[in-house]
Amino acid sequence: RKEVEQDPGPFNVPEGATVAFNCTYSNSASQSFFWYRQDCRKEPKLLMSVYSSGNEDGRFTAQLNRASQYISLLIRDSKLSDSATYLCVVNMKRAAGNKLTFGGGTRVLVKP
Amino acid sequence: DARVTQTPRDKVTEMGQEVTMRCQPILGHNTVFWYRQTMMQGLELLAYFRNRAPLDDSGMPKDRFSAEMPDATLATLKIQPSEPRDSAVYFCASGKSGTDTQYFGPGTRLTVL
């Protein structure tokens, strides 16, 4: 089983609609969580951190459920520019230093 | 706007050749990471440096891959000899120890024929 698992999609979303997807992680010692965004043939970029209480950044809402070991990302009022692959990232602090483990990504396609 | 830079951006080589990829981390960042991304495996951590010292290279095939930081402004990843299965995009990322955020470079797209 992979340490971080995501539905690869694609999620086909009409412009203006809401889309949500989850990511599960296997290591309960994981300590911090993030969503990165990766556009086609580009590098991953940090979208937002995920806090235990849940957090919003504009149209994006992230949630963490430690008991069930999953995080979620919700995008409201989808824009064409939201089309990308969203990478779930889990950080485990170790003696050797932090290690970010990336999920395989969920592809989102927003269509007019 | 400070960015991680990587060279070359694209590299096509033949099996058996040596490949060297270079990364310049953001000035002031003291952690450097090398990742490999393929369709099948996604993003995999190959090596991790802090203050130029290698902390973790457990993800790197030891027989043919090597990673170094000759100085604080340059990280290198070498493959010798290269094989077709090494074809991937190699990303370098940098950050500051004590923070989780990593900033990625544009990547080197490697094709080994």
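Let me sum up the structure you'll find in this document. Just so it is clear, the structure is predicted and the values come from calculations on it, not from any experiment. (Residues numbered from 1 in each chain as written. Chains lettered and ligands numbered in written order. Predicted model: local features only at pLDDT ≥ 70, side-chain atom pairs only at ≥ 80, totals over all residues. Heavy atoms only, no water.)

## Thoughts on the sheet that holds strand 7 (residues 60-65) of chain A
Residue and element names in this part refer to chain A. Definition in use: At least two bridges found by DSSP between two strands is the condition for calling them paired. Note on conventions: DSSP H or I runs of at least 4 residues are helices, E runs of at least 2 residues are strands, and numbering of each starts at the N terminus. Axes here refer to lines fitted to C-alpha atoms; in helices the fit is confined to the stretch in contact. Angles between the N-to-C directions go from 0 to 180 degrees.
Read across the sheet, 5 strands follow the order 1-3-8-7-6 without closing on themselves; strand pairing throughout is antiparallel. In this open sheet, the two edge strands, each paired with only one partner strand, are strand 1 (4-6) and strand 6 (55-57). Going from strand to strand, the sheet's axes swing by 20 degrees on average, the running direction of each strand aside. Two elements, strand 7 and strand 8 (residues 70-75), share 6 bridges in a ladder whose sense is antiparallel. Within strand 8, the residue paired with Gln 63 across the bridge is Ser 72.

## Some details on the sheet that holds strand 3 (residues 19-24) of chain B
All names here are of chain B. The 4 strands lie next to each other as 1-3-8-7, forming an open sheet whose pairing is antiparallel. In this open sheet, the two strands that pair with only one neighbour each are strand 1 (5-7) and strand 7 (65-71). On average, each strand axis in the sheet is inclined to that of its neighbour by 20 degrees, with strand direction left out of account. Sheet analysis places strand 3 next to strand 8 (residues 74-79), joined by 5 bridges and oriented antiparallel. Directly across from Val 19, in strand 8, lies its bridge partner Ile 79.

## Some thoughts on the packing of aromatic side chains
Rules: Aromatic pairs are defined between Phe, Tyr and Trp rings, using the six-membered ring for Trp, whenever the two ring centres lie within 6.5 Å; interplanar angles under 30 degrees are classed as stacked, those over 60 as edge-to-face, and all others as tilted. Buried residues are those whose accessible area, probed at 1.4 Å on protein chains only, stays under 20% of the maximum for their type, while exposed residues exceed 50% and partly exposed ones sit between those limits.
All chains considered together, the criterion is met by 12 aromatic pairs over all chains. Both rings, one in Tyr 36 of chain A and one in Phe 102 of chain A, keep their centres 5.6 Å apart while their planes meet at 65 degrees; by these two values the pair is edge-to-face. Note that Tyr 36 of chain A is positioned in strand 4 (residues 32-38) and Phe 102 of chain A in strand 10 (residues 99-102), a separation of 66 residues in sequence. Like Tyr 36 of chain A, the residue Phe 102 of chain A is buried in the burial classification. Linked through ring pairs, Tyr 36 and Phe 102 of chain A together with Phe 33, Tyr 35, Tyr 48, Phe 91 and Phe 104 of chain B together constitute an aromatic cluster.

## Overview of unusual backbone geometry
Gly 9 of chain A connects to Pro 10 of chain A through a cis peptide bond whose omega is 10 degrees. Along the polypeptide, Pro 10 of chain A turns up in the loop between strand 1 and strand 2 (11-14). One non-glycine residue with positive phi stands out, namely Arg 41 of chain A, at about 60 degrees. Mapped onto the fold, Arg 41 of chain A is located in the loop between strand 4 and strand 5 (44-50). According to the relative accessible area criterion, Arg 41 of chain A is exposed, its value standing at 60%. Phi is positive for Arg 52 of chain B, close to 75 degrees, though the residue is something other than glycine. On the secondary structure map, Arg 52 of chain B appears in the loop between strand 5 (42-50) and strand 6 (53-56).

## Things to note about the environment of Arg 64 of chain B
All names here are of chain B. Convention followed: Here, two residues are considered to be in contact whenever any of their heavy atoms come within 4.5 Å of each other.
Of note, Arg 64 is situated in the loop between strand 6 and strand 7. Judged by relative accessible area, Arg 64 falls into the buried class, the value being 8%. Along the sequence, Arg 64 and Ile 79 sit 15 residues apart, while their C-alpha atoms lie 5.5 Å from each other. Beyond its immediate stretch of four places on either side in the chain, Arg 64 contacts Lys 78, Ile 79, Gln 80, Pro 81, Ser 82, Glu 83, Arg 85 and Asp 86.

## Looking at the pairing of strand 11 (residues 106-111) of chain A
Residues and elements named next belong to chain A. Every second residue of strand 11 is oriented toward a common face, the buried set being Thr 106, Val 108 and Val 110 and the non-buried set Arg 107, Leu 109 and Lys 111. Where strand 2 meets strand 11, 4 bridges bridge the pair, whose relative direction is parallel. Bridge pairing in strand 11 places Phe 11 opposite Val 108. Where strand 9 (residues 84-92) meets strand 11, 3 bridges bridge the pair, whose relative direction is antiparallel. In the sheet register, Thr 85 faces strand 11, and the bridge partner there is Arg 107.

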